Structures are given as C-alpha cells and as structure tokens.
Amino acid sequence: MTATAGSQQPLLDVQHVRKYFPVNQGVLFRRPVGYIKAVDDVAFTIAPGETFGLVGESGCGKSTLAKLILLLEPLTEGEIVFEGQPLTRLSGESLRKYRGTVGAVFQDPFSSLSPRMRVRDIVGDPLTVTTDTPRRQIEERVAEVLDQVGLNPATASNYPHEFSGGQRQRIAIARALSAFPRLVILDEPVSALDASIRAQIINLLKALQQDLGLSYLLIAHDLGTVRFLSDHVGVMYLGQLVERSTSRRVFTNPLHPYTRALLSAALPVRPDVAREEVVISGEVPSPLDPPSGCRFFPRCPAAMPVCETVQPLLAPAEDGHEVACHLYPTSVPRGATVPGIQGGT
Amino acid sequence: MTTFPSDAGTSLDAPSSPSRLEVKDLQTWFYTGRGVVKAVDGVSFTLEPGETLGLVGESGSGKSITCLSILRLVPEPAGRIIGGEIWLGDTDLLQLSRHEMEQIRGRHVSMVLQDPMTSLNPVFNVEKQVGEGSMYHLGLHGSGLKDRVQQLLRWVRIPAPEVRANDYPHQMSGGMRQRIVGAIALSSQPSVLIADEPTTSLDVTIQAQYLQLLKDLQEEHRFSMIFVTHDFGIVARVCDRVAVMYAGRIVEMAPTRELFGSPRHPYARALIHSLPDPDTEVEWLTTIPGQPPSLYDLPPGCPFAPRCSEAMDICTQEYPPTFETGIAEPGAAGPPASHTAACWLYGDGSR
Ligand SMILES: Nc1ncnc2c1ncn2[C@@H]1O[C@H](COP(=O)(O)OP(=O)(O)OP(=O)(O)O)[C@@H](O)[C@H]1O
Ligand SMILES: Nc1ncnc2c1ncn2[C@@H]1O[C@H](COP(=O)(O)OP(=O)(O)OP(=O)(O)O)[C@@H](O)[C@H]1O
Ligand code: SF4
Ligand code: SF4
Ligand SMILES: [Mg+2]
Ligand SMILES: [Mg+2]
C-alpha cells in the first residue's frame, strides 16, 4: 500500500513495471547477450490534481518510464492502470481517448517536433487527432496556448527550425496542453529556458493545475523546479525507486544516501551563496549488469557488508516516507539477517 | 594565403595551440517570408586563451546564432552573416574559403550544439562517431583509436563504455547523448570550445563531474571556452566573465562576480531577480513583466524599453551604445577589468 494516494482512486497507477532492452551482438545472427534493465520493478501512483516529481541520475530510466506510460514502448512486465483501466486493454476508441487525455513534453524538444509541420499544426495536432473540434476553434485554441507560453501567436505559421531552443521547448509545452489533457508527462520541460520564462511556465503549470485539476508527472534535473511543483517525489537509481515521500520531506530530510549526495551536489541557484558539496565517487554503474544487493553499494559512503548481497526493499521508514536502504530496518527483506537488525518487521 | 592560427597549417597531428578569439560587430540576419529577423545585431567580444566566457540571456536573444556564426554554420540560405569580423589569432574566419573553414571546424574550434541529435548520425554507432575527430585530426587508428574512444567515453561518465560504444544514438538516454556530443567536441583538442547548453540533461552529480573535467582539461591545454547556459550556478562555477544578451545584442558584460554582485542593465537586474530563492517557499515565482520583443519588427531605441521601469524619453528614440560603467569592487591582481552596459542610464559619463 502506498501512503501517498489516500483513499481516493489514483488517476495513474504504475504497478511493478519492468522494461528490459536486449543487447545484441554478432553481425549476421544478432542474438541477445544480455539486457539493459532500464526500468526494474517500479511502482507509484498519481492522484488527480497532483504532481509526482521523478529525479535521478542520467540514464537511470526516467524517460523510459515516461515512454511506457505514453504507450511508446511495450512493457516487459507489470501493468499501468489509468482511471481503473489497464492500458494493455485499451484499443480503438478507448485508446484514442486515452491519447487525448494524456499530454506529453518530450526531453528532446528538437526531434520531437515534426520539421515539416507548421507550428499551428503541431500545437493543434492533439486536438485534431483525438477530438472532433472544428478547425476555427482549434486555431483559436492554438493562439491561446501559444500566448500562454510566451510565444507570439503571429508566428504560428512558421516551422520549428525557425525557433530557438527555448522557443521550441515552449512549442512542445503548448502542444501538450492544447487538448485539455488530464495528465501531462513533462520530461525536462523547462531545461532550455531562461530564469524569467522558466518561472512564467512553472507558474502557468501551477495555475492550470489549480483551475482545472491537472495531474503532472514531472521529470527534471533542476531540483528547484521539482521542489516547487511536486506534491510527492520519487528518487530513482539504476532502474529502481530508492526513496519516495512528500516533496517537502524528501528535500528537507532525505533518507537515502544517494538522495543526500544528489541534494548536496546541486549548485546554488544564486551564485553568491557558497555551499559544500559531496561528489559521488566511483564508476557510474551499468544497467547491463547492476550490482547484486543494493545497487548503490559500490559508491555508497555508508555501505555495510550486508548491502553487497541483500537487496533492500522500498518500505516506509518514518510515517509514510519510503526508502530502500539497509540503514533502515524496514528495508531488510523477510528472513534475511543483518547483524543487530531482525528482518521481516 | 591565410595561415591557420598559431601552428601555421603544419602538423595536423599535434593539438592546436591556444589563440585569441575576437568577434567584432557581428550581424547575422534571417531573411524570411515575414520579414528580416535580426537574430544577432552588433555583437562584439574577445576571448583570451584559457579564458571562459559565459553567454546568458533571454530565450531567443541570439546566443546560439552567435555561436553558430563563429563556426560559420548559420542555416543558409535564410540566415546570413551580413557584417562583422571574427578573428582567430591572425585569421579572419569570415574571409576563409569553405574548404579552409572545414579545417578550422572541429580542429581549432569545436562546438557542442544545443541539440545533441543534430550532431549525431543515427546510422553510425557511438564508437565511430566519437573516434572520427581523433582519427582525422590526431591521426589515430587501430587500437590507439579504440583506446582513445574508451578514454573519452570514460571521461564523460558513460557506464560500461566497452559495451555501450557499440550502441546507436537512439539507444542512449538524453543525458548520455549530450555527453557523447561533449566527448566528440573534446576529441580533437580544439583551441576554442563552444558549448551551447551542454549540461541541460545531466543530473547535478554528473554535471559537477563534467564541469570539473572541462576545467581540468582547460588547465592542461589552455583552450578557451564559450559557455551558453541558463544556469547561473554553472556560470559562477566555470566562467571568468559573463555577457548578457537581449534581442540580438550584448547588453552587459563583466567579470562573473562583479556581474552578479552589481548588475547594471535593468534586464540583467530583472533576470537575476527572477532566480528563485531556495530558502523561502513562495506560492508564485517572480517573472519579468511584459512579453519578449519580436525580432521581426524591433521598434527604434532600446528593445527593453517597453518592459523597463527606468525607461526615459531617449530610450524609445535611440539605441543605447555600450558604456563603460566602471568596476564596483576592483580586483586584486590582473589587468584592469571592465564592466560595460548598453543602457542610457550610464550615458552621462559620470559613472
Ligand atoms: N531503445 C533503447 N534501446 C536500448 N537501450 C535503451 C533504449 N532506450 C533507453 N535505453 C537505455 O535505458 C537506460 C535508461 O534510459 P532513459 O532514457 O530512461 O534514462 P533517463 O533516466 O531518462 O536519463 P537522462 O536523465 O539522461 O535522460 C539507459 O541506459 C539507456 O541507454
Ligand atoms: N531559421 C530561422 N529563421 C528565422 N528566425 C530564426 C531562425 N533561426 C533562429 N531564428 C530566430 O533568431 C533568434 C535567435 O535565436 P537563437 O537560437 O540564437 O536564440 P538563443 O538565444 O540561443 O535562445 P535559446 O536560449 O532559446 O536557445 C530567435 O528569436 C529565433 O526565433
Ligand atoms: S543499502 Fe547499504 S549500500 Fe545501499 S544505500 Fe543503504 S547503506 Fe548504502
Ligand atoms: S536604455 Fe532605457 S529602456 Fe533600455 S534598459 Fe536602459 S533605462 Fe531601460
Ligand atoms: Mg531522459
Ligand atoms: Mg539557443
């Protein structure tokens, strides 16, 4: 049971999801010699009107998770349930409806915008494809969202290559919002924006959430953005969630050694503030061959012998604040013994 | 004939040696169906060997186009460099033939493009693309080349590089692609490295290691860097000086600490003011009121005037030239630093 969703039915329920990519070798007979375990048993829920923030090391599986929710990659294992409906059972009209209900901003604003479409058609596309809105109304809506993201509606007839990086990112945001979605997947939505326009977009996302009850899955390396927008935060490491709680708890009282290192490495937003940082040492581990036991073991400053062999479970350590680390007795699997700690509590 | 900076076009397998870069009154315009976009309109700066200049400013203000102009990679035919000079050592890059420019690119000046996917070829694997520069410019091949690729991938923290070198770009995460492009830019040991938002997809720990790598390499090889970023924490960490751009021009330029300590231009002040304060929880973030200007039809005068709380009559009539405003806290050693601003507030010569 997660402590996050309360009694309300979650809008999105990600249930023990896995995604493995085969690694092929051989020129003529390409055969899998192993698997990249990009997402390896991840579960969380998002309630209506809530923002779930996802942070973690580059390559830990965040975008893959987003693609699974958007049905852009098939699941290897597990289930994703939207409003009580498993996504694997959607087809035809219900699939079309789902696609209209979920908006997305992809990490790469360049390749995600079709180069041969005008901005007007890119932004209006979700409305055209998933609804039967008349053309005039679509154009009005396009002008409205372009204005909201700080782009001149007069540029709607231009092509994506005529815009700067941050302008393209805002085109992608406008597209994600145009069809009045209920859930928006935001993969690095403001990474290319200056401080003022970034603040404008963040305020817009928050205002839309308050007015229309949107839910967001927010993936970002900018911890300030995550903290400001998220109700709950999950920290990923090498394909797995290692910590999950309310945003405030994760940022003010991080429990997992990886989360602590991550927060301490953030550069101060204001350059005049000096700060001590802990750089995580050691090789970046590979999802091809994750360490057995705790995946953070090879780099963890607090590692104990048990960590090398026994994989810690994600479990609530302090009321509702979940962590997967042997420093907390709740993470010790049933039956396993750790000196001084009895497993299975 | 033009000679290449410093090493006079002789041995192509030696790393290129540091040279000074000077951009003078650069103008790069786009000719579109809707009119002329003055994306870069009179940009000047110098970059000494071993120095790092931060380029910050509003989204759409011309940072990427300035960088692309230095490499003469402005998208043609719509985009054209219509004026200015770009000196690398004693060579004006704008006077070089296409062929000569190709020798400069990648070898003497290399760039990390803002969009990693445009610089990666989807049909070649990582090993081939990362190795290319070392092969052409450093003359490496065989096992030497393989080792070099492994070293570069390890530098940018790609896990299991011996396996991942066989991957294609689409098999990499966003941040891994960005680091691959970084590795390619570093591979030929350039004398000027232009990095256009090279860390936007990196988590803070890998970012810290990457910035440290750049600093270490810079110390060793004395290359200079232009670093485009929206992250002022990065600017404070790696940049010696900062130039702030707005609507196609540099509106303020100063040593890093000086700029953050006492910004002069009202846009720069407002930008720094919109950085969120991490220690206070607020309901709404601060933004600069008003809309960014449209570069299609800039009004006469200062382009920030419609949003500027200090605008005067002259501001809407005449574009402000660049004034020296004087250093607030003179530094201890080194040559006298300068702090310039393109704003009429500093035009009376009293400051
Ligand atoms: N199509 C694919 N084929 C093979 N491997 C893949 C594929 N897509 C992703 N991967 C691998 O899966 C892992 C997770 O990638 P993902 O893009 O989800 O990371 P991420 O957390 O989004 O990282 P970043 O912060 O750098 O964007 C990486 O090792 C990546 O190389
Ligand atoms: N091919 C083009 N045709 C017309 N206008 C263009 C073209 N390419 C760029 N522009 C315009 O030139 C201006 C400068 O673009 P540039 O990419 O240099 O901005 P930037 O400062 O790098 O912004 P960002 O921080 O968003 O990346 C922008 O306003 C953009 O709309
Ligand atoms: S389980 Fe052990 S190795 Fe893993 S994070 Fe906790 S202390 Fe570190
Ligand atoms: S020149 Fe005038 S309008 Fe422009 S920034 Fe200075 S005071 Fe403001
Ligand atoms: Mg990603
Ligand atoms: Mg740019």
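Quantities reported herein were computed from a predicted structural model and do not represent experimental measurements.

(A) The arrangement of the overall build of chain A in detail. Looking only at helices and strands, one finds 9 helices and 14 strands in chain A. Judged by the C-alpha coordinates and their principal axes, chain A covers about 70 × 55 × 50 Å. Counting only residues that meet the buried cut, chain A has 48% of its 345 residues in that class. Sequence separation of at least 24 residues holds for 60% of the intrachain contacts in chain A that already meet a minimum separation of 6.

(B) Molecular detail of helix H1 (residues 62–69) of chain A. All names here are of chain A. Across the 8 residues that make up H1, a large majority, 7, are buried. Within the span of H1, buried status applies to Lys62, Ser63, Thr64, Leu65, Ala66, Leu68 and Ile69. Looking one or two residues past H1, Leu71 carries a phi angle of roughly 60 degrees, positive in sign.

(C) Fine view of the sheet that holds strand S12 (residues 321–323) of chain A. All names here are of chain A. The strand order across the open sheet formed by 8 strands is S6-S7-S8-S3-S9-S10-S12-S11, and the pairing between neighbours is mixed. Lying at the two open borders of the sheet, with one neighbouring strand each, are strand S6 (102–105) and strand S11 (315–318). Across the sheet, the axes of successive neighbouring strands diverge by a mean angle of 20 degrees, strand direction being ignored. Set on the sheet, H1 makes contact with strand S3 (51–56), strand S7 (183–187), strand S8 (215–219) and strand S9 (232–237); between it and S8 the angle comes to about 150 degrees.

(D) A look at the confidence of the model for chain A. Residue-level pLDDT values for chain A average 89, and 90% of them are 70 or greater. Confidence over residues 1–6 of chain A falls short of pLDDT 50; this stretch has 9 contacts with residues more than four positions distant or in other chains.

(E) Structural detail: the sheet that holds strand S1 (residues 21–32) of chain B. Residues and elements named next belong to chain B. Strand order in the open sheet made by the 4 strands is S2-S1-S4-S5, with antiparallel pairing throughout. Two strands lie at the open edges of the sheet, namely strand S2 (35–47) and strand S5 (91–92), each paired on one side alone. Relative to strand S4 (residues 79–88), S1 is paired through 8 bridges, and the arrangement is antiparallel. Bridged to Val23 within S4 is Ile86.

(F) Representation of the environment of Pro116 of chain B. All names here are of chain B. Its location among the elements puts Pro116 in helix H3 (residues 116–119). You can call Pro116 buried: it has 26 C-beta atoms within 10 Å. As a C-alpha pair, Pro116 and Ala236 span 120 residues in sequence and 24 Å in three-dimensional space. Aside from chain neighbours lying at most four places away, what touches Pro116 is Arg177, Gln178 and Val181.

(G) Geometry of the site of ligand 2. Lining the immediate surroundings of ligand 2 are 24 residues, of which Ser164, Gly165 and Gly166 of chain A together with Ala39 and Ser64 of chain B lie closest. If you list the elements that add at least two residues to the shell around ligand 2, you get helix H5 (165–178) of chain A together with S1, S2 and helix H1 (63–70) of chain B. Across the shell around ligand 2, the residue classes break down as 9 nonpolar, 13 polar and 2 charged.

(H) Broad picture of the site of ligand 3. Of all residues adjacent to ligand 3, which total 14 residues, the nearest are Cys294, Cys300, Ala303, Cys307 and Cys325 of chain A. Its residues assigned to classes, the shell around ligand 3 comprises 12 nonpolar, 2 polar and no charged.

(I) Here's a closer look at the packing of helix H9 (residues 257–265) of chain A against helix H8 (residues 204–221) of chain B. Between H9 of chain A and H8 of chain B, whose axes approach to 8 Å, the crossing angle comes to 50 degrees. Put simply, H9 of chain A runs oblique to H8 of chain B. The hand of the H9 of chain A/H8 of chain B crossing is left-handed. Side by side, H9 of chain A and H8 of chain B meet where Ala261, Leu262 and Ala265 of chain A of the first sit next to Val204, Thr205 and Ala208 of chain B of the second. Tallied by class, residues from the contact of H9 of chain A with H8 of chain B come to 5 nonpolar, 1 polar and no charged.

(J) Layout of the interface of chain B and chain A. Across the boundary between the two partners, chain B contributes 52 residues, which contact 51 residues of chain A. Looking at the side of chain B that touches chain A element by element, the count peaks at 6 residues for helix H9 (residues 232–238) of chain B. When its residues are assigned to classes, the side of chain B that touches chain A shows 24 nonpolar, 21 polar and 7 charged.

(K) View of the environment of Val105 of chain A. Along the chain, the position of Val105 of chain A falls in strand S6. In this structure Val105 of chain A touches Ala172, Ile173, Ala176, Leu186, Asp187 and Pro189 of chain A, once residues within four positions along its chain are discounted.

(L) A look at the nonpolar core. Leu217 of chain A together with Val244 and Val251 of chain B are the most contacted members of the largest nonpolar core, which has 186 residues in total. The element contributing the most residues to this core is helix H7 (residues 174–187) of chain B, with 7 residues. Dropping the residues within four chain positions of it, Leu217 of chain A is found in contact with Ile46, Phe52, Leu54, Ala66, Ile69, Ile185 and Leu186 of chain A.

(M) Looking closely at unusual backbone geometry. Look at the link from Glu76 of chain B to Pro77 of chain B: it is a cis peptide, with omega at 0 degrees. As for its position among the elements, Pro77 of chain B is in the loop between H1 and S4. Unusually for a residue other than glycine, Leu238 of chain A sits at a positive phi of about 50 degrees. Tracing the sequence through the fold places Leu238 of chain A in the loop between S9 and strand S10 (240–246). Under the C-beta neighbour-count criterion, Leu238 of chain A is labelled buried, with 23 such atoms within 10 Å.

(N) Focus on the pairing of S3 of chain A. Residue and element names in this part refer to chain A. With respect to burial, S3 is a largely interior element, 6 of its 6 residues being buried. Here S3 shows a buried face lined by Thr51, Gly53 and Val55 and a second buried face lined by Phe52, Leu54 and Gly56. Summarising the sheet, S3 and S9 pair through 5 bridges and their orientation is parallel. Bridge pairing links Gly56 to Met236 in S9.

(O) Up close: H1 of chain B. Residue and element names in this part refer to chain B. Counting buried positions over the 8 residues of H1 gives 8, a clear majority of the element. Looking at H1, one finds that the buried residues are Lys63, Ser64, Ile65, Thr66, Cys67, Leu68, Ser69 and Ile70. Of the residues flanking the end of H1, it is Arg72, one or two places downstream, whose phi is positive at about 55 degrees.

(P) Layout of the pairing of S11 of chain A. Residues and elements named next belong to chain A. Taken together, the 3 bridges between S11 and S12 define a ladder with antiparallel strand orientation. Across the sheet, the residue bridging to Glu318 is His321, located in S12. Here S11 hands over to S12 after 2 residues, with Gly320 in that stretch at a positive phi of 80 degrees.

(Q) Examining the environment of Glu162 of chain A more closely. With respect to the helices, strands and loops of the structure, Glu162 of chain A is situated in the loop between helix H4 (135–148) and H5. Measuring from C-alpha to C-alpha, the distance between Glu162 of chain A and Pro115 of chain A comes to 10.0 Å, with 47 residues separating the pair along the chain.

(R) View of the confidence of the model for chain B. All names here are of chain B. Per-residue confidence for chain B gives a mean pLDDT of 89; residues scoring 70 or more make up 91%. Mean pLDDT per element in chain B: H3 is the minimum at 85, and H1 is the maximum at 98. When the criterion is pLDDT under 50, residues 1–15 qualifies, and its contacts beyond four places in sequence or with other chains add up to 30 contacts. In the predicted assembly, ipTM is 0.90 and pTM is 0.92.

What counts and what doesn't
- Residues numbered from 1 in each chain as written.
- Chains lettered and ligands numbered in written order.
- Predicted model: local features only at pLDDT ≥ 70, side-chain atom pairs only at ≥ 80, totals over all residues.
- Helix = DSSP H or I, 4+ residues; strand = E, 2+ residues; numbered from the N terminus.
- Buried ≥ 20, exposed ≤ 12 C-beta atoms within 10 Å, placed from the backbone.
- Contact = placed C-beta atoms within 7 Å.
- Pairing = 2+ DSSP bridges.
- Axes fitted to C-alpha atoms, helices over the stretch in contact; angles between N-to-C directions.
- pLDDT = per-residue confidence, 0-100.
- Near = placed C-beta within 6 Å.
- Nonpolar A, V, L, I, M, F, W, Y, C, P; charged D, E, K, R; others polar.
- Parallel < 35°, antiparallel > 145°, perpendicular 65-115°, else oblique.
- Left-handed = near helix turned anticlockwise from the far one by under 90°.
- Core = buried A, V, L, I, M, F, W, Y, C linked by C-beta atoms within 7 Å.

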